[in-house]
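One letter stands for each residue in the lines below.
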Amino acid sequence: MVLELHVWGPAFSLPSIEAQCLATIAYFVQAVPKDAWVLVASSDPSISPTNELPALKNGSTWVSKFRNIVDYLRQYSNGEWDLDAHWDEQEKADNTAFSSFTEANGQLLVDLYLYVSSQNYYAGTSPAYGAILTWPNQWIIPPKLRKAAKVRTEHLGLSSLDLEEIEEQRERERSAAVAAGQLPRNLIQRPRETVSSLLGKTSQQNQFKLEALTAELFEPLRLLLDNKKYFLSNERPSSLDALALGYLSLALVPELPYPWLRESLRTKAPELAQYVERMRQRCFGVVQVSDAFGAARRESVLPWRPPKRITAAKIGRTLLNALADATPILKDLRLHDRLREAAQSPDSQLSPEESKAVSEFAIARKRDVYVSVATVAASVAALFGYLFHVGLLSMGPVEGFPEEVEELEEDDDGSVLDFDGDIGSAEDILSAL
């Protein structure tokens, strides 16, 4: 059976816009025979039970994330497709340590470079997603990915890369000043900011942080490479080579308006940049979007297979899911469901005790949401019941007032004429009320 590797689609002449997908593709190219797998740029995390890409499909079995897929290939092939099978204990320890190090630090840099930076996101990342996503995902998914990247990098204190956030903060401050009468609105100036000008205002603090982050990733990898063909040896690549290629490719290859990460890689670790370019040509080649989606494709290093056509039912589910995720209560319920499903997934990397604990936590939080909704509903019902009881709210005609009266007309002497033409005094009518 041919394995299906589902990934985010091509961008920046790379086979995927996402680092873990690039790493998994590089691993397949170096470990798995080309006729044993196909590459599908589905760009749809919902196809996987864990709602994640990359995702490997083998019949009814789904496995997601780079490390889980590598472990599955090792077991599925009885060690034949294992790039790390020949290392000694020290080399395996180095491989594991540097892989975790590369994932943690590389993800933060990619987040800042492609998503948090407003100039790079709107000029490069967002259009790249627009080229590989169909409607309505092209309007829904990129903002969600950017929001997640902002959350992951919030602790770094580099929000100045996000021009929108700064402008919103300044607008709030201007509005507060106007509301307090401190500043006339017609005197407010709104200069256009750029990343360079914003970094210039706090150049030392922000530049030092960026320099430290890039050096923290590039320097250890440069020392480990040490003029070898691969990170651990001259003879064969490891899973670390695939993982590092995934993150470093997104640092080196994209042409972006503010290329601080690429410039840092080229100046601080030129031999590492040369390694990335060499490995990129070997594992990926130069990829066009049409390679993944076109019926007639060029000769490619990769075994592309076009994704399935999107259906009207799929579009409808996407819109409903987007609406549910935008609704506070439904959003919380869906979040707890996904947490429970992820904890119970075979590739969660959790022990049975941890999986049970996380599942019970998700179920308890979901129950709390239901209790909160029921409490609010009961409180509202009690409030309306009290209002009806004291007579502040009423349904139906007022007691003592004739139901058949539709219109009353008052004549000159203070009498009223009902719709039947009978004359009555105004006092009689008021007494009836």
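Here, every reference points to the structure presented above.
Counting from 1, residues in each chain are numbered in the order their sequence is written. A pLDDT threshold of at least 70 governs which residues receive local features in this predicted model, and a stricter bar of 80 or more applies before side-chain atom pairs are shown or counted, although totals over entire chains, interfaces and linings include all residues. Hydrogens and water are ignored here; the side-chain numbers use all heavy atoms of the structure.

S.K.: Explanation requested: the overall build of the protein chain in the structure shown.
M.R.: Under the DSSP-based scheme used, a helix requires at least four consecutive residues in state H or I and a strand at least two consecutive residues in state E, with every element numbered from the N terminus. What the protein chain contains, in helices and strands, is 16 helices and seven strands. A fraction of 66% describes how many contacts in the protein chain between residues 6 or more apart in sequence connect residues 24 or more apart. Entry remark: accessible area of the protein chain is about 23,600 Å², with carbon and sulfur atoms responsible for 55%. Residue contacts follow a heavy-atom distance rule, with two residues in contact if any of their heavy atoms lie within 4.5 Å. Each accessible area is a Shrake-Rupley estimate made with a 1.4 Å probe; only the visible protein chains count as cover when residues are assessed.

S.K.: What's the story with the nonpolar core in this structure? I'm lost.
M.R.: When a protein is soluble and globular, its nonpolar side chains tend to lie buried together. The biggest cluster of nonpolar side chains holds 89 residues, and the ones touching the most others in it are F28, L73, F231 and L272. Among the elements that take part in this core, helix 9 (residues 239–252) stands out by supplying ten residues, more than any other. Definition used in this section: a nonpolar core is a set of buried Ala, Val, Leu, Ile, Met, Phe, Trp, Tyr and Cys residues joined via side-chain atoms within 4.5 Å. The buried label applies to any residue whose accessible area, calculated with a 1.4 Å probe on protein chains only, is under 20% of its type's maximum; exposed applies above 50%, and partly exposed to all values in between.

S.K.: Explain the environment of Q274 here, please?
M.R.: Tracing the chain through its elements places Q274 in helix 11 (residues 270–283). On the basis of relative accessibility, which here comes to 57%, the residue Q274 falls in the exposed class. Considering only alpha carbons, one finds Q274 and L252, 22 residues apart in sequence, at a separation of 9.9 Å.

S.K.: Would you mind going over the pattern of salt bridges with me for this structure?
M.R.: Any two side chains of opposite charge can pair if their charged atoms end up close together. Criterion for a salt bridge: a side-chain nitrogen of Lys or Arg within 4 Å of a carboxyl oxygen of Asp or Glu. Under the defined criterion, the tally for this structure stands at ten salt bridges. With a shortest N-O distance of 3.7 Å, E52 and K65 are connected by a salt bridge. With E52 in the loop between strand 2 (37–40) and strand 3 (55–58) and K65 in the loop between strand 4 (61–64) and helix 2 (66–76), this pair connects stretches of sequence that are 13 residues apart. Across the pair E255 and R262 runs a salt bridge, and its minimum N-O distance is 3.1 Å. Through salt bridges with shared partners, a single ionic network connects D71, R74 and D82.

S.K.: Explain empty space enclosed by the protein here, please?
M.R.: Over the atoms rolls a probe the size of a water molecule, and its path tells where empty space is left. Cavities and pockets were defined on a 1 Å grid built from protein atoms only: a cavity is a group of points that admits a 1.4 Å probe but offers it no way out, a pocket is an open group of points flanked by protein on both sides within 12 Å along at least five of seven lines, and a lining residue is one with an atom within 4 Å of any such point. Grid points are joined across faces, edges and corners, and a volume is the space filled by probe spheres set on the points. Evaluated as defined, the whole model comprises one cavity of 30 Å³ or more. Its volume calculated, the largest cavity comes out at about 40 Å³. Lining the largest cavity, in full, are G106, L109, V110, L217, F218, Y247, L248, A251 and L261. Looking at the lining of the largest cavity, the elements with two or more residues in it are helix 3 (89–116), helix 8 (203–225) and helix 9. Here the lining of the largest cavity is built from residues that sort into eight nonpolar, one polar and no charged. Just so you know the grouping, Ala, Val, Leu, Ile, Met, Phe, Trp, Tyr, Cys and Pro go in nonpolar, Asp, Glu, Lys and Arg go in charged, and all remaining residues, Gly too, go in polar.

S.K.: Sorry, what's going on with the packing of helix 3 against helix 9 here?
M.R.: Relative placement of two packed helices is described by the angle separating their axes and the distance separating the axes. All axes are obtained by fitting lines to C-alpha atoms, using only the stretch in contact for helices, and the reported angles, taken between N-to-C directions, cover 0 to 180 degrees. Taken N-terminus to C-terminus, the directions of helix 3 and helix 9 make an angle of 15°; their axes are 9 Å apart at the nearest point. One way to sum up the angle between helix 3 and helix 9 is to call them roughly parallel. Helix 3 and helix 9 meet at a crossing whose hand is left-handed. Of the residues in helix 9, those touching helix 3 at N95, F98, S99, T102, E103, G106, Q107, V110, Y113 and L114 are S239, L240, L243, A244, Y247, L250 and A251. Residues belonging to the contact of helix 3 with helix 9 are distributed by class as follows: ten nonpolar, six polar and one charged. Roughly parallel covers angles under 35 degrees, roughly antiparallel covers those over 145, roughly perpendicular covers 65 to 115, and oblique covers all other angles. Two helices that cross are described as forming a left-handed crossing if the nearer one is turned anticlockwise from the farther one by less than a right angle, and a right-handed crossing if clockwise.

S.K.: Can you walk me through the packing of aromatic side chains in this structure?
M.R.: Each aromatic ring pair is characterised by the separation of its centres together with the angle its planes make. For this analysis, a ring pair means two rings from Phe, Tyr or Trp (six-membered ring only for Trp) whose centres lie within 6.5 Å, classed as stacked if their planes differ by under 30 degrees, edge-to-face if by over 60, and tilted for the remaining angles. Inspection of the entire model under this criterion finds ten aromatic pairs. Note on F28 and W37: the rings are 4.9 Å apart at their centroids and 50° apart in plane angle, and the pair reads as tilted. Overall, F28 belongs to the buried group, its relative accessible area being 0%. For W37, a relative accessible area of 2% gives the class buried. For the ring pair Y113 and W260, a centre distance of 5.4 Å and an interplane angle of 80° mean the geometry is edge-to-face. On the criterion of sequence distance, the pair formed by Y113 in helix 3 and W260 in helix 10 (residues 260–268) is long-range, its members being 147 residues apart.

S.K.: In this structure, what is going on with unusual backbone geometry? I would like to understand it.
M.R.: Glycine aside, residues mostly have negative phi angles, and peptide bonds mostly take the trans form. A cis amide bond links L53 with the next residue in sequence, P54, at an omega value of 5°. Mapped onto the elements, P54 comes out in the loop between strand 2 and strand 3. Here S13, not a glycine, exhibits a phi torsion of approximately 65°, which is positive. Structurally, S13 can be placed in the loop between strand 1 (3–6) and helix 1 (19–31). Within the chain, N227 stands out as a residue other than glycine whose phi angle is a positive 65°. Residue position: N227 is located in the loop between helix 8 and helix 9.

S.K.: Honestly, the pairing of strand 1 in this entry has me stumped. Any pointers?
M.R.: Put simply, side chains in a regular strand alternate between the two faces of the sheet. Neither face of strand 1 is open: one carries L3 and L5, the other E4 and H6, and all of them are buried. Any two strands with at least two DSSP-identified bridges between them are counted as paired. Two elements, strand 1 and strand 2, share four bridges in a ladder whose sense is parallel. Bridging from a neighbouring strand, L3 pairs with W37 of strand 2. The pairing of strand 1 with strand 3 spans three bridges and is antiparallel. Across the sheet, H6 pairs through a bridge with A55, a residue of strand 3.

S.K.: Could you clarify how one ought to interpret the sheet that holds strand 1 in this entry?
M.R.: In spatial order, the strands read 2-1-3-4; together these four strands make up an open sheet with mixed pairing. Sheet topology places strand 2 and strand 4 at the edges, where each strand pairs with a single neighbour. Between one strand axis and the next, the sheet turns by 20° as a mean value, whatever way the strands run. As paired elements, strand 3 and strand 4 share four bridges and run antiparallel to each other. By the bridge assignment for strand 4, K57 is matched with W62. Along the sheet, helix 2 makes contact with strand 1, strand 3 and strand 4, crossing strand 4 at roughly 135°.

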